[in-house]
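# Observations on chain architecture
Take a look at the letters that make up each chain.
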Amino acid sequence: LITKQSRSRCSLLTPRAFFVYTGCMTWASGRRFLIVVIIGSIIVAAIALALTALLYEAPSCMDNRQNQDESGVDCGGGCMYVCTESQAAPIVSLQRALVQVPGRVDVVGYVENPNADASARGVEYDVTLYASDRTVLKRGSVRIDIPAGVRVPVYLPGFFLGEGSGVQVFLTTDTNAIRWLRADTKPFVPKVETPKLINGGDGPRITAELLNSSSQSVNRVVAVAVVYDASRNVIAASQTVLPVLPAFGKALATFTWNLPFPSVPGVIDVSPVVAVPL
């Protein structure tokens, strides 16, 4: 019950103070106050949920944070990427500048992936050509796939046009920037039968059969031939493209040169360019 004294005190309160001072609150005003509080709470909760849905970023393998079961930032655990620190760096096992035509320098090389369970797509290699006095003749780049456990041939015909006496080339990359992928699927590598030298004189020609042991045909197979002399010096290189390698079939790769080799061929190495499986 509100006494006469309390009614006098309540009459002195402002409307806002009246609702705050519960001792002066009637049943109707208290009910209205409760309804306002409930509605306000619902609105605040709805806004909070909307902001959470808008601003919250669920943990993923692309959020630049180490979370979930990752062993590094966006790598390891259930992520498709494996951590660079746990992988061996690719090895450049061959890098040669060849003057096969006067006034033109070609580049040939091999990049080997020592990792049996990790691949990388589109790795950029810097290609730097030096003159005999160590001045830079040209800088360029090439992007290659590096499948798990595969040696990748690199061939850049006509990389430099000009005098090529005594030139050297180097292939380099930032190994820390390589994004290694977990190699759940082994890459398809065509088998290469023993290459044959058809003509060792003017206009030499080399052939090699590539075999496909899979049930899927492969389109546009690139192959690179590297020719060594008896001392294992690279004396020539060439590239060809097979339009299709049929399923459970074979195709003949043919490599040609316009000029004779500078010395007698000793070893012929033919390697297909292998893509990283999607």
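In what follows, the structure referred to is the one given above.
Just so it is clear, the structure is predicted and the values come from calculations on it, not from any experiment. (Residues numbered from 1 in each chain as written. Predicted model: local features only at pLDDT ≥ 70, side-chain atom pairs only at ≥ 80, totals over all residues. Heavy atoms only, no water.)

Here we take up the packing of aromatic side chains. Two measures describe an aromatic ring pair: the distance that separates the ring centres and the angle between the ring planes. Evaluated as defined, the whole model comprises 2 aromatic pairs. Aromatic side chains Tyr 130 and Phe 170 sit 5.8 Å apart centroid to centroid with 75° between the ring planes, which places their arrangement in the edge-to-face category. Pair noted here: Tyr 130 is in strand β4 (residues 118–130) and Phe 170 is in strand β7 (residues 168–172), with a separation of 40 residues, a long-range link. For Tyr 130, a relative accessible area of 19% corresponds to the buried category. What makes Phe 170 partly exposed here is its relative accessible area of 29%. Between the aromatic rings of Trp 257 and Phe 261, the centroid separation amounts to 5.0 Å while the plane-to-plane angle is 75°, which identifies the pairing as edge-to-face. (Phe/Tyr/Trp six-rings, centres within 6.5 Å; stacked < 30°, edge-to-face > 60°. Helix = DSSP H or I, 4+ residues; strand = E, 2+ residues; numbered from the N terminus. Buried < 20%, exposed > 50% of the residue type's maximum accessible area, 1.4 Å probe, protein only.)

Whenever strands of a sheet pair, they do so through backbone hydrogen bonds, lying parallel or antiparallel. Spatially, β2-β3-β6 is the arrangement adopted by the 3 strands of the open sheet, whose pairing is antiparallel. The open sheet has two free edges, formed respectively by β2 (91–101) and β6 (151–161), since each of these has just one partner strand. Going across the sheet, the axis of each strand differs from the next one's by a mean of 15°, ignoring polarity. With 8 bridges joining them, strand β3 (residues 104–112) and β6 adopt antiparallel strand pairing. Residue Tyr 110 lies in a different strand from β6, and its bridge partner there is Pro 153. (Pairing = 2+ DSSP bridges. Axes fitted to C-alpha atoms, helices over the stretch in contact; angles between N-to-C directions.)

This part covers a nonpolar patch on the surface. Together, Ile 35, Ile 39, Ile 43 and Ile 47 give the surface a local cluster of nonpolar side chains, amounting to about 360 Å² of exposed area. When you line up the elements, Ile 47 lands in helix α3 (residues 27–55). Judged by its relative accessible area of 47%, Ile 47 falls in the partly exposed class. (Patch = residues over 30% accessible without salt bridge, like charges linked within 9 Å, V, L, I, M, F, W, Y side chains within 5 Å. Areas by Shrake-Rupley, 256 points an atom, 1.4 Å probe, with all protein chains shown as cover. Salt bridge = Lys/Arg side-chain N within 4 Å of Asp/Glu carboxyl O.)

A few words on the sheet that holds strand β15 (residues 265–272). Read from one edge of the open sheet, 3 strands run β13-β12-β15, paired in antiparallel fashion. The strands lining the two open edges of the sheet, one partner per strand, are β13 (234–245) and β15. Mean inter-strand twist for the sheet, computed between neighbouring axes without regard to direction, equals 20°. Relative to β13, strand β12 (residues 218–229) runs antiparallel, the two sharing 10 bridges. For Tyr 228, the partnering residue across the bridge sits in β13 and is Val 234.

Below, the discussion takes up the pattern of salt bridges. This model, assessed by the stated rule, comprises 6 salt bridges. Note that Arg 104 is salt-bridged to Asp 106, the shortest N-O span being 2.8 Å. With its nearest N and O atoms 3.3 Å apart, the salt bridge here joins Asp 184 to Arg 182.

Mapping Val 136 onto the fold places it in strand β5 (residues 136–146). In this structure the C-alpha to C-alpha distance between Val 136 and Val 167, which are 31 residues apart in sequence, comes to 9.6 Å. In this structure, Val 136 is in contact with Thr 128, Leu 129 and Tyr 130, ignoring residues within four places of it in sequence. (Contact = heavy atoms within 4.5 Å.)

Further remarks concern the layout of surface pockets. In this model, the largest pocket occupies a volume close to 350 Å³. Surrounding the largest pocket, 20 residues form its lining, Gln 100, Val 101, Arg 104, Ala 237 and Trp 257 being those nearest its centre. Secondary-structure elements contributing two or more residues to the lining of the largest pocket are β2, β6 and β13. For the lining of the largest pocket, the class distribution of residues is 14 nonpolar, 5 polar and 1 charged. (1 Å grid on protein atoms, 1.4 Å probe; cavity = no way out; pocket = protein on both sides within 12 Å on 5 of 7 lines; lining within 4 Å. Points joined across faces, edges and corners; volume = space filled by probe spheres on them. Nonpolar A, V, L, I, M, F, W, Y, C, P; charged D, E, K, R; others polar.)

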